[in-house]
Amino acid sequence: MLDNLFFREDSESEGRLLPTIENIISSEVDYFKQAVSITLRSKIPDTSQIPIENPIYWFKIPNVICCFVDMEGSTKLSANLHDKSTAKAYRLFTETAIRIFSKFGSPYIDIKGDGVFALFDYDQPYTAMAATISFKTFVAEYFTPMIKEKTSQTIGGHFGIDQKTVLVRKFGLKRYQGRTDRQNEVWAGKPINMAAKLASLSTNNRLWVSDRYFKNIKDEKAIYSCGCPDGTKFLLWQEEDLASDSRFDFNTAYSLGSNWCEKHGKSFCANLVKLDK
Ligand SMILES: [Zn+2]
């Protein structure tokens, strides 16, 4: 609760900021002047191990893979006019994404805006791909048709994957009124933002990935189609030129339109995950 007396007294005196705000700023400026301690970790740590108490501690994790998904056309849903179907659409999309990425063993999943991001370690590139294609298949085969039937709107998915070094620590209030929900992990670095930006470019349910992630993908099961329906195997990925787009710190992306095939999807997915073991 705000202290009315305190604000009344301050309303009489001159100055730019309230003294309590000055105190917050001066304490943070002191930390800004201190040295930072960065510990290198090869894998994404368990969330409970991510530093929060010591203000100068950070973890640095190289080559983290980030998968980002959100709805394409979500502005057609209205929290005002169609509150119930909008609520259901968000639940179906978001919760399914979280549960699918979790089932594939993502060590860290969170919500950014109204999208979901899932992180994978550097040695899980095929698992990250298999998880994202599984979710993408869900969007095409279940989500879009179900929302279309309920709202007559076409809502698809945006999908992006990037990979690069991140710094992580927790920020926030360790305890607020006996609860700890005013703190969260901050992942500083490119891959989460770049995966979200790649996803924002994707249309027609395509998955867009950066070249620095795609260079890990060498097995032909992840590059060529299964051959259905007539036995012709084709290249699944299309090169995309981003050289003129200053929002990206790489020049080339690759995009994939296919979803898991009705006949071979299950075995392709299971075999892709095995490549990481
Ligand atoms: Zn097939």
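Owing to the predicted nature of the structure, the values given are computational and were not obtained by experimental measurement.

S.K.: Sorry, what's going on with the packing of helix α3 (residues 83-103) against helix α4 (residues 125-151) here?
M.R.: Two elements in contact, α3 and α4, have axes whose closest approach is 10 Å; the angle formed by their N-to-C orientations is 165°. On the basis of the axis angle, α3 is roughly antiparallel to α4. The way α3 lies across α4 gives a crossing that is right-handed. In this structure, α3 uses S85, K88, A89, L92, F93, T96, A97, I100 and F101 to contact α4, whose residues at the interface are A131, T132, S134, F135, F138, V139, F143, M146, I147, K150 and T151. A per-class count over the contact of α3 with α4 returns 13 nonpolar, 5 polar and 2 charged.

S.K.: Is there a simple way to think about the nonpolar core in this case?
M.R.: A general trend in soluble globular proteins is that nonpolar side chains are found buried together. F101, F120, F135, F143 and W237 are the most contacted members of the largest nonpolar core, which has 44 residues in total. It is α4 that provides the largest number of residues to this core, a total of 11 residues. If we ignore the near neighbours within four places in the chain, the residues touching F143 are M71, A89, L92, F93, F138, I155 and G156. Core analysis: the next-biggest nonpolar cluster, separate from the first, contains 17 residues, V64, V166, A195 and A196 among them.

S.K.: Is there a simple way to think about the domain arrangement of the chain in this case?
M.R.: Accessible area lost upon the coming together of the parts is a frequently used measure of interface size. Assigned domains within the chain: domain 1 (1-33) and domain 2 (62-162 + 190-275). For domain 1 versus domain 2, the separation of C-alpha centres amounts to 46 Å.

S.K.: What exactly am I supposed to notice about unusual backbone geometry here?
M.R.: Glycine aside, residues mostly have negative phi, and peptide bonds are mostly found in the trans state. Note the cis peptide between C228 and P229, where omega equals 0°. By the secondary structure assignment, P229 is in the loop between α6 (211-214) and β8 (237-241). Phi is positive for N204, close to 50°, though the residue is something other than glycine. The residue N204 is located in the loop between α5 (190-201) and β7 (207-210) in this model. On the basis of relative accessibility, which here comes to 65%, the residue N204 falls in the exposed class. Positive phi outside glycine occurs at N205, with the angle close to 65°. Looking at where N205 falls in the secondary structure, it is placed in the loop between α5 and β7.

Reading the values: the criteria
- Residues numbered from 1 in each chain as written.
- Predicted model: local features only at pLDDT ≥ 70, side-chain atom pairs only at ≥ 80, totals over all residues.
- Heavy atoms only, no water.
- Axes fitted to C-alpha atoms, helices over the stretch in contact; angles between N-to-C directions.
- Helix = DSSP H or I, 4+ residues; strand = E, 2+ residues; numbered from the N terminus.
- Parallel < 35°, antiparallel > 145°, perpendicular 65-115°, else oblique.
- Left-handed = near helix turned anticlockwise from the far one by under 90°.
- Contact = heavy atoms within 4.5 Å.
- Nonpolar A, V, L, I, M, F, W, Y, C, P; charged D, E, K, R; others polar.
- Core = buried A, V, L, I, M, F, W, Y, C linked by side-chain atoms within 4.5 Å.
- Buried < 20%, exposed > 50% of the residue type's maximum accessible area, 1.4 Å probe, protein only.
- Domains from an automatic or database assignment.

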